[in-house]
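Inside the fold
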Amino acid sequence: MWQWQIMCGAACLLATSCILCLRQTLHDLQLGGADDEGSMEAAMNTVSVKDTAFVSNPSALSYTPSRVASGKVKQVRFLDSEVAYWQTATQHYMVNGSSTNPPKAANVHALDGTRLLVVVCENKILLYDLNTRKPYEVPRAVLDNKTPTCVTFLFRGGQYAPGGQPDADNLMTSPVLAIGCSDGAVRLLHLATLRVVGKLVGNHKASISCLSTLPTKAAFKLADDQQQSAARGSKQAATKRSDQTSAAAAAATPPVFTPSVDLVLGGDSAGALWVWEPFRVPLGSPDREIGPKMSWAGHSAEVWAACLTPGPEDPELASARVFTSGIHHELHYWQCVCSMHGSQLIPRV
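Structure report, in brief. (Residues numbered from 1 in each chain as written. Predicted model: local features only at pLDDT ≥ 70, side-chain atom pairs only at ≥ 80, totals over all residues. Heavy atoms only, no water.)

1. Here we look at the overall build of the protein
Looking only at helices and strands, one finds six helices and 19 strands in the protein. Here the protein holds 349 residues, and 41% of them are scored as buried. Restricting to contacts in the protein with at least 6 residues of sequence separation, those with at least 24 account for 62%. Taken as a whole, the protein presents about 19000 Å² of accessible surface, with 57% of it coming from carbon and sulfur. (Helix = DSSP H or I, 4+ residues; strand = E, 2+ residues; numbered from the N terminus. Buried < 20%, exposed > 50% of the residue type's maximum accessible area, 1.4 Å probe, protein only. Contact = heavy atoms within 4.5 Å. Areas by Shrake-Rupley, 256 points an atom, 1.4 Å probe, with all protein chains shown as cover.)

Pasting the structure below:
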């Protein structure tokens, strides 16, 4: 036993050494002050005016460097077609199981050929394309001069998704960035236009501390007019014959497939949890406010993180779970009851 423990310790030490040896800095992007890297590249592009032999970077010719200090970095995330695929596919299997195929993330054409590094800073959000080295920024003025705190990505819209009607899987051609802010609101930024198209609000002023995407369950259902006629028929049916007629009429028309739609799950600095349904109303204006679908006190203090996890493999019992962690080192999980009409979280502490 003692020898085995020593061998295990040596193996762990060797593995740690290998990991440390493989550590490598792939890219260094200075964000502490003004946009120095963009300023330097913009200055280099002017050299071609005096020296025709100098070839500038064509991707940065139209870039105007920012003089606004970035401030403290809050969050860093990647955004490209691979992120779109893995997020939509894993969340699809968590909520719907393996009975249906995941959506095709290749339809998100706004991410074609781009590998964005999304950096949430105190004074702006920087979108840096690692392929073309071209930076884009969303200043705090676009966010009503509120400090951004966190971000999550929405790929599946609904009937009122910005940028036109989504495909059969509700995938939008351009994702929407849900940006949590210090005033307790979540602003929806359309990536294709870098414009705020809506705002998720609640009856609170605590800062949004974390965000996560929560999809609804894909299902088959009757059309709205069929459901209404069936409801009226069930109320007026008084005989067995009328019941049989209504059942035959319902069976004659096949149900319509309703794909998943992304919801937004957020936690604030006061410990509350919120769920919004951003695509249930038409979007397009920063003044378009959407209230929460549900809210409750999840923690006694600030919520640090939220994570969606799969449920049991049994399709009859399959129900995803959401784990949340707080500043007081509390870990709670919530049973996610997903249906075609939305998702509800039942506390299971």
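2. Here's the deal with the sheet that holds strand β3 (residues 124-129)
With antiparallel pairing, four strands are arranged side by side in an open sheet as β1-β2-β3-β4. Looking at the sheet topology across the chains shown, the edges are occupied by β1 (73-80) and β4 (135-139). Adjacent strand axes in the sheet meet at a mean angle of 15° when their direction is disregarded. With five bridges connecting them, β3 and β4 associate as antiparallel partners. If you follow leucine 126 over to β4, its bridge partner there is glutamate 137. (Pairing = 2+ DSSP bridges. Axes fitted to C-alpha atoms, helices over the stretch in contact; angles between N-to-C directions.)

3. Describing the sheet that holds strand β13 (residues 272-276)
Note: strands within a sheet are paired through backbone hydrogen bonds, in either parallel or antiparallel orientation. Here four strands make up an open sheet; going across it, the order is β9-β12-β13-β15 and the pairing antiparallel. On the outer flanks of this sheet lie β9 (208-215) and β15 (294-297), each paired with one strand and no other. Neighbour-to-neighbour, the strand axes of this sheet turn through a mean angle of 15°, independent of strand direction. Alignment of β9 against strand β12 (residues 262-268), held across seven bridges, turns out to be antiparallel. Bridge pairing in β12 places serine 212 opposite leucine 265.

4. Quick notes on the packing of aromatic side chains
Scanning the entire structure with this criterion turns up four aromatic pairs. Taking the centre distance of 6.1 Å and the plane angle of 10° together, the rings of tryptophan 274 and tryptophan 276 count as stacked. Like tryptophan 276, tryptophan 274 is buried. (Phe/Tyr/Trp six-rings, centres within 6.5 Å; stacked < 30°, edge-to-face > 60°.)

5. Notes on the nonpolar core
Leu79, Val118, Ile125, Phe155, Leu177 and Ile179 are the most contacted members of the largest nonpolar core, which totals 22 residues. Within the residue set of this core, elements represented by two or more residues are β2 (115-121), β3, β5 (148-156) and β6 (171-181). No other element matches the four residues that β6 contributes to this core. Residues in contact with leucine 79, not counting those within four places in the same chain, are Leu111, Thr114, Arg115, Leu116, Val118, Phe153, Phe155, Leu177 and Leu191. By size, the runner-up hydrophobic cluster in this structure holds 21 residues, among which are Ala161, Met172, Trp276 and Val281. (Core = buried A, V, L, I, M, F, W, Y, C linked by side-chain atoms within 4.5 Å.)

6. Observations concerning the pattern of salt bridges
On inspection of all chains with the given rule, the structure shows eight salt bridges. In this structure, aspartate 144 engages arginine 187 in a salt bridge whose closest nitrogen and oxygen atoms are separated by 3.2 Å. Within this pair, whereas aspartate 144 is found in the loop between β4 and β5, its partner arginine 187 is found in strand β7 (residues 186-190), the two being separated by 43 residues in sequence. Classification of arginine 187 as buried rests on a relative accessible area of 2%. Across the pair aspartate 183 and arginine 187 runs a salt bridge whose closest N-O atoms are separated by 2.9 Å. Several salt bridges converge on common partners, so that one network encompasses Asp80, Glu82 and Arg115. (Salt bridge = Lys/Arg side-chain N within 4 Å of Asp/Glu carboxyl O.)

7. Brief notes about the side chain of serine 260
Among the secondary structure elements, serine 260 is positioned in the loop between β11 (256-258) and β12. Only 2.8 Å separates the side chain of serine 260 from the backbone oxygen of threonine 216, close enough to count as a polar contact. When residues no more than four places from it in sequence are discounted, the contact partners of serine 260 are Asn96, Arg156, Gly157, Asp169, Asn170, Pro215, Thr216, Lys217 and Ala218. (Polar contact = N/O pair within 3.5 Å; in protein donor to acceptor, adjacent residues only side chain to side chain.)

8. A look at the environment of methionine 94
By the secondary structure assignment, methionine 94 is in helix α4 (residues 81-96). Spatially, the C-alpha atom of methionine 94 lies 9.7 Å from that of lysine 217, the residues being 123 residues apart in sequence.

9. So, the state of the cysteines
Enumeration over the complete set of coordinates arrives at zero disulfides. Considering cysteine sulfurs only, cysteine 210 is the nearest to cysteine 150, which forms no disulfide, with 6.5 Å between them. A relative accessible area of 5% means that cysteine 150 is categorised as buried. (Disulfide = S-S within 2.5 Å.)

10. Comments concerning the environment of cysteine 121
Relative to the helices and strands, cysteine 121 is located in strand β2. The class of cysteine 121 is buried, set by a relative accessible area of 0%. Taking the C-alpha atoms as reference points, cysteine 121 and proline 148, separated by 27 residues in sequence, lie 6.8 Å from one another.

11. Details of the environment of aspartate 183
With respect to the helices and strands, the residue aspartate 183 is situated in the loop between β6 and β7. As a C-alpha pair, aspartate 183 and alanine 206 span 23 residues in sequence and 6.5 Å in three-dimensional space. When sequence neighbours within four positions are dropped, the list of residues in contact with aspartate 183 reads Lys146, His204, Lys205 and Ala206. Only 3.3 Å separates the side chain of aspartate 183 from the backbone nitrogen of alanine 185, close enough to count as a polar contact. A distance of 2.9 Å separates polar atoms of two side chains, one belonging to aspartate 183 and the other to arginine 187.

Without other data, these values stay purely geometric and don't point to any function.
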